[in-house]
Amino acid sequence: MKKSTTLLILLLTSIIAFSQNSSFEYIFSDSVNLHQSILFEDIIELSNGDYVLQGDLYVLDDSMYQRMLCCYFSKDGELKAEKDFPDEEGYKYSPKSILKEFKDGNLYLVRALNVDNEKQLRDVDNSKIVINRIDSDLNTTILKEFYIPIDGTGAIDITSVEEIGNDNFVICFEKFCHNFGAHPWGQGNDTTFFWKIDSNLDIVKEGFIKHSKCNLDRNSGVCMIYDENNNKYLYYTFFLPNTSYNSGLTIYNMDSDFNLIGQTTMPQTIGGGSIIPFIINDTRNVSYKRTSQNTTVIGTSITTMNAQNLENFTSALCIEVDDDLNLIDSIHKGAVLDTNSAYLTRTPWGRCIDWVNDNEIFFAYTPHAYSMPMTGNPRKTQKCIITKLNREFNTIKEFSYGNDSIFLWINTIKATRDGGCIIAGHFRDISSGLPYNIGDMQGIVKKIPAAALISVEEISENSFNTVLVYPNPGNNVLNIKTSLQNASVEVYNILGKVVYKQDITDISTAIPTGSWNSGIYMWKVYSNGKEAENGKWIKK
């Protein structure tokens, strides 16, 4: 692969001269024909300021197949090393792999290899977990393999890797049925396993959670987090509502030996009786991260039911919950859409939320995103919106990436220590009108400096599909900026009573609040009769 000499990705914001070490853009392409497509899943900022990206390499020959890929970039955007990890005979790579840098400075790559049932080799009847310790040149220095007995057509997936101190780490993986019958989530059993691994890459402790029903959707929407302050583990999972099994967000609290302490479920709702009525769109789009206050922030894309007329729209959702799944805060971002459309508001598959300091939370999403970017035929442009939220989930800055001739799909975002972020994904130039081929998708890596994110006062000039409410907290005025058409706003007090209602006829609307009592107010903005966004505003 070579770096493309033509940069197709352009900033929508004003042109600013950035130094080479604060911003870069790298595009992957093949020198002759585009036979490869990259779907990055995660990004690591190393202690020396360089970056390692991990993802899936789609190779197009007689039949499309995937394998693991790592790329090492300098802080200035130079591709210093790249290495793919091919399958082994009789095995097929599971696309959910995890790369981590631990405090000892080592990189650990954890991946799953499952039986390739199409080849049906008699001597291959186990899946396996492979751990590679790799150096800065992406070469393996230590390798360890663990074989997992699989019944029938089962499989395993790696879901989380957490460092827990003393050169130990924990691997969370799923063993689940793989019978694609009429209802794959209802056939057989599945289990979540937890392995504590020492510095010699040996298993020193095991635990598991046995589930009463197999759920293929659950394996890609789960996450295990280690709570260092309380020396316990938190295992989160989303079940889709059509499974009829623990529909909603479930948390399992476990002690340091993986013993279950308690289990709580936050149901997914479809009416107006909940603060956040939603149905999750796709469990691949769920991101989790622990805050400094021992709470968890979760980002995902959802389908929301309008409480007034029960018409659907999709949005990106960011919520904060405690360990009993009590809702602390939430924010919706994105466009009002008919969910029957192929274009939905989506969050990145790999990671959609991240921060270095949780007072500045990066939240990425794509309005009007084509629902199947790797297999479908996108015919319209799409751009990524990167929002920086403060600790109260108020938008403080925003950035739009893309232009009017490309189809852009961002797969992951990583907050960087300089106050900016780095994103990775793939794109296709659709201006030619040629038929779609997955090989047309080129990989893109973009480092965005903090100076590129624009302030609240400038956001509406870029016509983002968003609503901005500021200052928050405020005193005598509540300002609303939005580019939504045929819009209106309603403000409610803590008792749910409407205290203000008005049509929005301009980009900027100022609501006088001097006579209002101090406290918390909820606002909702509607577009074409449907709820577009909501949030809270605090009167000092």
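In this report, we go over the structure that sits alongside the text.

Rules of the game
Residues numbered from 1 in each chain as written. Predicted model: local features only at pLDDT ≥ 70, side-chain atom pairs only at ≥ 80, totals over all residues. Heavy atoms only, no water. Helix = DSSP H or I, 4+ residues; strand = E, 2+ residues; numbered from the N terminus. Contact = heavy atoms within 4.5 Å. Areas by Shrake-Rupley, 256 points an atom, 1.4 Å probe, with all protein chains shown as cover. Buried < 20%, exposed > 50% of the residue type's maximum accessible area, 1.4 Å probe, protein only. Polar contact = N/O pair within 3.5 Å; in protein donor to acceptor, adjacent residues only side chain to side chain. Pairing = 2+ DSSP bridges. Axes fitted to C-alpha atoms, helices over the stretch in contact; angles between N-to-C directions. Salt bridge = Lys/Arg side-chain N within 4 Å of Asp/Glu carboxyl O.

1. What about the overall build of the chain?
Within the chain one finds one helix and 40 strands. Expressed as a percentage of contacts within the chain between residues at least 6 apart in sequence, the contacts between residues at least 24 apart total 54%. Put simply, the chain shows about 21900 Å² of open surface, and 46% of that area lies on carbon and sulfur atoms.

2. Quick look at the side chain of His426
Residue position: His426 is located in strand β31 (residues 421–429). For His426, a relative accessible area of 0% puts it in the buried group. Polar side-chain contacts of His426 include one of 3.3 Å to the side chain of Asn411.

3. Details of unusual backbone geometry
Of note, the phi angle at Asn166 is positive, near 55 degrees, even though the residue is not glycine. Tracing the sequence through the fold places Asn166 in the loop between β12 (155–165) and β13 (168–176). You can call Asn166 exposed: its relative accessible area is 74%. Phi at Leu201 is positive, roughly 65 degrees, even though this residue is not glycine. Mapped onto the elements of the fold, Leu201 is located in the loop between β14 (190–197) and β15 (203–211).

4. Notes on the sheet that holds β12
The four strands lie next to each other as β12-β13-β14-β15, forming an open sheet whose pairing is antiparallel. Pairing within the sheet leaves two strands with one partner each, and these edge strands are β12 and β15. Taken over all neighbouring pairs, the strand axes of this sheet differ in orientation by 15 degrees on average, direction set aside. Both β14 and β15 contribute to a ladder of eight bridges, which runs antiparallel. By the bridge assignment for β15, Trp195 is matched with Glu206.

5. Quick look at the sheet that holds strand β40 (residues 530–539)
Read from one edge to the other, the open sheet built from four strands follows the order β37-β36-β39-β40, with strand pairing classed as antiparallel. Looking along the sheet, the strands with just one partner apiece sit at the ends: β37 (498–504) and β40. Across the sheet, the axes of successive neighbouring strands diverge by a mean angle of 15 degrees, strand direction being ignored. Across six bridges, the pairing between strand β36 (residues 487–492) and β37 is antiparallel. Bridge pairing in β37 places Glu490 opposite Lys501.

6. Comments concerning the pattern of salt bridges
Scanning the entire structure with this criterion turns up 20 salt bridges. In this structure, the salt-bridge partner of Asp42 is Arg351, at a minimum N-O distance of 3.0 Å. Taken as a pair, Asp42 in strand β3 (residues 36–45) and Arg351 in the loop between β25 (343–346) and β26 (353–354) lie far apart in primary sequence, 309 residues in all. Exposure class is identical for Asp42 and Arg351. Each is buried. Between Arg290 and Asp227 there is a salt bridge, with the nearest N and O atoms lying 3.0 Å from each other. Taken together, the residues span a long stretch of sequence, with Arg290 in strand β21 (residues 287–290) and Asp227 in strand β16 (residues 223–227) at a distance of 63 residues.

Shape descriptors only; they carry no functional weight alone.
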